[in-house]
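Structure at a glance
Read off the chains here:
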Amino acid sequence: MHSVRVARGPLAVALKRLASIVVKTGQTDLALTHVLVQTTPSAGLRLSATDLSVAEIHELPVSAMLGRIDVAVPARQLGDIVRALEGVDVSLELKDSQL
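Summary of the structure given here. Predicted, not measured: the structure shown is a model, and the values here were computed from it. (Residues numbered from 1 in each chain as written. Predicted model: local features only at pLDDT ≥ 70, side-chain atom pairs only at ≥ 80, totals over all residues. Heavy atoms only, no water.)

Quick look at the overall build of the chain
Counting its regular elements, the chain contains two helices and seven strands. Starting at the N terminus, the α and β elements of the chain follow one another as β-α-β-β-β-β-β-α-β. For the chain, whose C-alpha radius of gyration is 13 Å, the value lies close to the compact-globule estimate of 13 Å for 99 residues. Dimensions of the chain, computed from C-alpha atoms along their principal axes, come out at roughly 35 × 25 × 25 Å. Here the chain holds 99 residues, and the buried ones make up 37% of them. When the accessible surface of the chain is totalled, it reaches about 5900 Å², and 55% of it is carbon and sulfur. (Helix = DSSP H or I, 4+ residues; strand = E, 2+ residues; numbered from the N terminus. Rg over C-alpha atoms; globule rule 2.2 N^0.38 Å. Buried < 20%, exposed > 50% of the residue type's maximum accessible area, 1.4 Å probe, protein only. Areas by Shrake-Rupley, 256 points an atom, 1.4 Å probe, with all protein chains shown as cover.)

See the structure below:
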């Protein structure tokens, strides 16, 4: 299992911004409705998305990291989940290719 702990507020803001780029009515390519979630030793948590004309990357500091995360997940769904959570920090865990 791979996991990362990050501040919920900045994560929610980044996901909202990225979802506004990629989640569009009538989008037929599912990959373009996802955000790429990655962990790196230098950047912490990296979130990126594109609609093929605009790309955006957000890097957030983490308070804990175990292993490496590199997975694409639906931007709107992840944003909704993060906004619904309580607490200052959230943990994202990757298990069997699911975040």
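What to know about helix α2 (residues 75–84)
Along α2, the residues that are buried comprise Ala 75, Leu 78, Gly 79 and Val 82. The buried residues of α2 occupy one face: seen down the axis, they fall within an arc of 100°. The inward-facing, buried residues of α2 abut α1 (8–22), β2 (34–40) and β6 (70–74). (Arc of directions from axis to C-beta. Contact = heavy atoms within 4.5 Å.)

A short note on the nonpolar core
With 25 residues, the main nonpolar core has Leu 11, Val 35, Val 37, Leu 45 and Leu 47 as its most contacted residues. Those elements giving two or more residues to this core turn out to be β1 (2–7), α1, β2, β3 (44–50), β6, α2 and β7 (89–94). Element by element, the count of residues in this core is highest for α1, at eight residues. (Core = buried A, V, L, I, M, F, W, Y, C linked by side-chain atoms within 4.5 Å.)

Re the sheet that holds strand β4 (residues 55–60)
The four strands lie next to each other as β4-β3-β2-β6, forming an open sheet whose pairing is antiparallel. The open sheet has two edge strands, β4 and β6, and neither has a second partner. Recorded for the sheet is a direction-independent mean angle of 20° between the axes of neighbouring strands. When β2 meets β6, the two strands line up antiparallel, connected through five bridges. Within the sheet, the bridge partner assigned to Val 35 lies in β6 and is Val 73. Across the sheet, α1 touches β2, β3 and β4, and the angle it forms with β3 is around 15°. Taken strand by strand, α2 contacts β2 and β6, and its axis lies near 85° from that of β6. (Pairing = 2+ DSSP bridges. Axes fitted to C-alpha atoms, helices over the stretch in contact; angles between N-to-C directions.)

Comments concerning the sheet that holds β7
Working definition: the strands of a sheet are paired by backbone hydrogen bonds and lie parallel or antiparallel to each other. Judged by pairing direction, the sheet is antiparallel, and its three strands sit side by side in the order β5-β1-β7 without closing on themselves. Strands with a single pairing partner mark the edges of an open sheet, and in this sheet they are β5 (62–66) and β7. On average, adjacent strands in this sheet sit at an angle of 10° to one another, irrespective of strand direction. Both β1 and β5 contribute to a ladder of four bridges, which runs antiparallel. Note on β5: the bridge partner recorded for Val 4 is Met 65. Contacting β1 and β7, α1 runs over the sheet at an angle of about 95° to β1.

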